[in-house]
Structures are given as C-alpha cells and as structure tokens.
Amino acid sequence: MKDGRPWSKDIPDGAWDYIVIGSGMGGMTTAALLAKLGKRVLVLEQHYVPGGFTHMFKRPGYAWDVGVHAVGEVTTHSLTGRILKALTDGQLEWASLGPVYDEFHFPDGFRIDFPDSPAQFRQNLRDAFPDELEAIDAYLHLTRAVSKSMKTYYLARMAPARFGGMVDKLFAREAQRYLTMSTREVIEDLTDDPRLQAVFAAQWGYYGSTPSRSSFAIQALVVKHFMHGGYYPKGGAGQIARTLLQTVADAGGWTAIRADVDEILVDGDRAKGVRLKDGREIAAERVVSAAGVASTVSRLLPKPHSEDRWAKSVDALEPAPAHVCLYLGFEGDIRQAGASGANKWFYETWNTEDDGWNVDPHAEDLGDAPVLYCSFPSLKDPEHDPGELNRHTGEVVTFVPYSVFELWKDERWKKRGPDYETFKQRMTERMLEQLLSHMPELRSMIAYTELSTPVSTEHFVRPMKGSIYGIEPTPGRFENRWLRPRAPIDGLFFSGSEVATVGVIGAMMGGVLSAVSAEPVDAVRYLAPLMRG
C-alpha cells in the first residue's frame, strides 16, 4: 500500500469470491458492500488511478475532479447518504455547496437560482413566473410522485430478465409510465410558456439527454435529488475512492490499477474469471462488470455470448453525448470575480433542444456553445489550501458530437498530431472567451488551461463513444429488459448507472442493486437497519 492508498499494481495471491471490473462509483459500491458481507473482492482498474468519473488528476499547483461537480442526497437524512456512511465507516464527509447549488443564466439577463430548500425553490419559480403558479405546483407535485414511484422500479430491476416484464407490470407500473414518456411531452402538457419549459428542463445536462429524447422519470429524479441542495466531498472527489476501496482492503480484498481486462472467461454458461490484456487469467467464484453493460457486451463478452439476442439489444442502445471540459487554474481571489461553490449554467439560448456545440475543425469560426456548465471545485472543498499564490480551480463543460473527434480515437494520448492540438487550442480559446463574456474579471487570474476531449475520456475511463453518462436515458433505454444487475450468464452481474439511473448516486444505486442481486439474504440483512433510518 503506497502512501496509505488501498490500491497498487500488484494482484495478491489467493482465492477470490468476486472480481469487479472497473472502479467507478458503481463498481466501488458493489465491492465495498460485498466486502461488508465478508467477501474477498478483487477490483480491477485499467487506469493508473481508481475512481472512474470520481477520480482526480493533478498538474503542478492544481488538482481537478473529472465528474463530481455536485451530488445530492448524501446526508443521513437520505437512504443513499446512510449507505455511503456505512460503507465508508463514516470516513467520507461532505460539504454543502451553500444555500444555492445551481445558478442559471439565460439570454436577456434572466437569472434564476436553484436553492437547497424545497420551499425556496418553489418561491423562486413563482417569483420568476407569477402567471404560471398552477403549472409550477403541478410540476413539483409530479416530480415528487414520480420519484417516489421509482423505489419499486429499483426493486423490480433485481428480478431475472426472464421475469422482468411481468415483475415490472406488477411492481413498477407507475414508474414505467413516466420512464416511457419524454420530458418534453410532460412539460408541454403543464405549460405553454416556452421560458418556463426551458427552466423546468434546464438541468438536462446532469443526465445528458434533451427534453424531446429523455425519459421524464430521469428529469423527476434529478429535481428530487437536489431538492435539499448539492454537496462535494471534503478533501476532494478522490476521497470517494480512498474510503470505499479501503473498506474492500480491510476485508482482505484489493484494488489493482493498470489491470486491463481483455475478456470475461465463460465456461459453458457460467462466468469463472477474467483474462487481462497481458495474458494473465484470474479466477473467481463470480464476476461483476462495472464497466457499463453496453461496454461489457461489445468489448468483454466472448462469442457466442456477445452475439446473443439480449446482448445485441443492449448494443443497439445509443450512448448519451460526449463532452469537452476546459480545466482552469487561477491565481487570485476568484470570489471577487463572481465565482462561488454554486455551479453556473450560462445558456446562450432558450432552446433546450440545442444539444451540443457543433464544432468543426475546418470551420473558420467555431461559434459559441449553446450552454456552458461552470464549476469551481476549490471553492467547494473546505479543506482546499490556496497557498500564498491564492490558487484555485475551475472547470467549464459542454457537450459535443463524438463523430468530430472519432478521427483521433485510435491515436495515443499526447501523440495525436498537430491537427488535433490546433483544434484543441482553438476550442480552448473560444470557450475561454465565452466564459469571460459572462465573468470578465477572471481574465487576469488565469494561470493555466487544459482541454479534455471525448478521446481523452475514452483513453482514461473507457465509456462508449466518450459518454460520461453511458447509455442515453431515453424511454427506449428503460424499455430494454436486459439492463438489470443479474446477467443472463450464471455468475455474471452488472453494476453501475446503466442498471439504475445516471450520475454519481445513480451509479452508486446500481452498485447496491448488483450486490443485493448477488447476495440477496446477507445484503438485505445488512441494509435493513439503514432503510429504517
């Protein structure tokens, strides 16, 4: 264990109860819960840092998270918060982003804040749209009702796929109704005001699917998720991996980095282990793939299993959009320039169907992105030390078409050629100018910039087509009965957001469902006191 970290490049000897492929939020949660049940778990991570989209990276003087910008429902008032506290033995602590967690800036100077109070959220909406009181109350009531119905949906997911249709109809009928309706369909039924429609759907970036494509149930879950505010891990997003994987190590398990899985080994109709890219084979009683269901069936399953009807149906589902992220290092008091712990959404349009920055490397003018999502991680972490130079960090995110970057997907990191680097520099300059048009006082404080692209995301985290959210949360996704924690192959389970819902906590719940499906009696016994509160 280097520097007290519960991971290394080494794979310890001995028998393994479970192998978990991938150390994202879902995989770490599954591994930690199985560890609490006394199982010896080996987590295999292809990257040199565990954590998936919860990991952090550093440059001299700075550190950034790559996917943890705001997380709701992490206090002990919620089941998810109690589970996280139990799985990390109380070592993972969270700091509130403040009374406002999201600020939305629309054209014509319109601004609305999303606060950490349900009553204040309602009031903010009513103050901004005084002629739409009935629509606002109906929307808030509906989001609460739909979110509540999702509990039975999660339970139904644990049934084997062959019984899935029947179980969904019996236990998740209400959830299925709104899972298969689009967000736009529901919102347009509530109000004719296009600006209120845009505000209702303004957080679509948290799940990566515009209102015409997304399932309304996902929109409802996001609203409920942040109803009491957003939080950030004390000590930075890297604490999530440190604490969850420590639980795995404390139970005799381990996490191996730079352990790239090439194939899941299947003997007959049962998973028996994995083969790494270097040829090593590791056996286990059971295997959990937290690499994404779609990624698993297209990259890790051997033939003929990868050609089965169920695998093809999953493979046909489209991923959510890819993104670029501009990482910024500052020297100076960025609070004086308007930065805070709250995330800022800068919309250049009221059209929430404008789903990405349609960049073209050959275009003379790249144009503005329809929306920029801006986060200042150093202001969220109460343990951040800015030092004598008053160093802080920022991140600016927007969606882009994966197809534009596909040309470079097989090129090596930092070896993608001058055309790629020139394109990155042009995007950096344009995003920076767009940000500074909203926050001009930051200009003099910028000391460092670095842009990540969809091929960067693919290289480090391996999602399908660089998508941070995995399979797009459309009605079609939730109509697919094979996206469940129990695979049609004995001894194989799936974990993560694609068996539940998107985001950090969605992936975590996918991890819980996976462990419960694998060890139902012991897992329910462990979770029962936490469910009672």
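Before reading further, recall that the structure is shown in the block above.
Note that this is a predicted model, so its numbers are computed, not measured.

1. Topic: the sheet that holds strand β9 (residues 254-256)
Taking strand neighbours across the sheet as the criterion, the 5 strands line up as β9-β2-β1-β13-β19 in an open arrangement whose pairing is parallel. Since the sheet does not close on itself, it has two edges, and those belong to β9 and β19 (492-494), each with one partner. Each strand of the sheet is rotated relative to its neighbour by a mean of 20°, with strand direction disregarded. The pairing of strand β1 (residues 18-21) with strand β13 (residues 286-289) spans 4 bridges and is classified as parallel. Pairing of Tyr 18 across the sheet is with Arg 286, part of β13.

2. Some thoughts on the environment of Phe 106
With respect to the secondary-structure elements, Phe 106 resides in the loop between β6 (100-105) and β7 (111-115). Between the C-alpha atoms of Phe 106 and Tyr 347, which are 241 residues apart in sequence, the distance is 4.9 Å. Residues in contact with Phe 106, not counting those within four places in the same chain, are Ala 198, Val 199, Ala 202, Tyr 347, Thr 349 and Trp 350.

3. Describing helix α10 (residues 238-250)
Counted at 1.5 Å a residue, the expected span for α10 with its 13 residues is 18 Å, and the 18 Å between its end C-alpha atoms agrees. Three or more residues of α10 are buried, namely Ile 240, Ala 241, Thr 243, Leu 244, Leu 245, Thr 247, Val 248 and Ala 249. On its buried face, α10 sits against α1 (25-36), β2 (41-44), α2 (79-87), β5 (94-96), β8 (231-233) and β9. After α10 finishes, the residue Gly 252 shows a positive phi value of roughly 95°.

4. Side note on the packing of α1 against α2
It is the contact of α1 with α2, at a shortest axis distance of 10 Å, that shows an interaxial angle of 60°. With respect to the hand of their crossing, α1 and α2 are arranged in left-handed fashion. From α1, Met 25, Thr 29, Ala 32, Leu 33 and Lys 36 reach across to α2, where they touch Leu 84, Ala 86 and Leu 87. Classifying every residue of the contact of α1 with α2 gives 6 nonpolar, 1 polar and 1 charged.

5. Digging into the pairing of strand β15 (residues 343-347)
Most of β15 sits inside the fold, with 5 of its 5 residues counted as buried. One ladder, built from 4 bridges, connects β15 with strand β16 (residues 371-375); its direction is antiparallel. Note on β16: the bridge partner recorded for Trp 345 is Tyr 373.

6. Section: the sheet that holds strand β10 (residues 261-267)
Pairing is antiparallel across the open sheet formed by 3 strands, whose spatial order is β10-β11-β12. The two strands at the open ends of the sheet, each matched to only one other strand, are β10 and β12 (281-283). This sheet shows a mean twist of 30° between the axes of neighbouring strands, independent of strand direction. With 3 bridges joining them, strand β11 (residues 270-276) and β12 adopt antiparallel strand pairing. Looking at β12, one finds that Gly 273 is bridged to Ala 283.

7. Overview of helix α17 (residues 503-518)
The end-to-end C-alpha distance of α17 is 23 Å, a good match for the 22 Å that 16 residues give at a rise of 1.5 Å each. Counting buried positions along α17 gives 15 out of 16 residues, so the element sits mostly inside the fold.

8. Considering the nonpolar core
With 110 residues, the main nonpolar core has Met 25, Phe 106 and Val 199 as its most contacted residues. Within the second largest apolar cluster, 37 residues are counted, among which are Trp 16, Ala 256, Ile 471 and Leu 483.

Rules used throughout
- Residues numbered from 1 in each chain as written.
- Predicted model: local features only at pLDDT ≥ 70, side-chain atom pairs only at ≥ 80, totals over all residues.
- Heavy atoms only, no water.
- Pairing = 2+ DSSP bridges.
- Helix = DSSP H or I, 4+ residues; strand = E, 2+ residues; numbered from the N terminus.
- Axes fitted to C-alpha atoms, helices over the stretch in contact; angles between N-to-C directions.
- Contact = heavy atoms within 4.5 Å.
- Expected span 1.5 Å × (residues − 1).
- Buried < 20%, exposed > 50% of the residue type's maximum accessible area, 1.4 Å probe, protein only.
- Left-handed = near helix turned anticlockwise from the far one by under 90°.
- Nonpolar A, V, L, I, M, F, W, Y, C, P; charged D, E, K, R; others polar.
- Core = buried A, V, L, I, M, F, W, Y, C linked by side-chain atoms within 4.5 Å.

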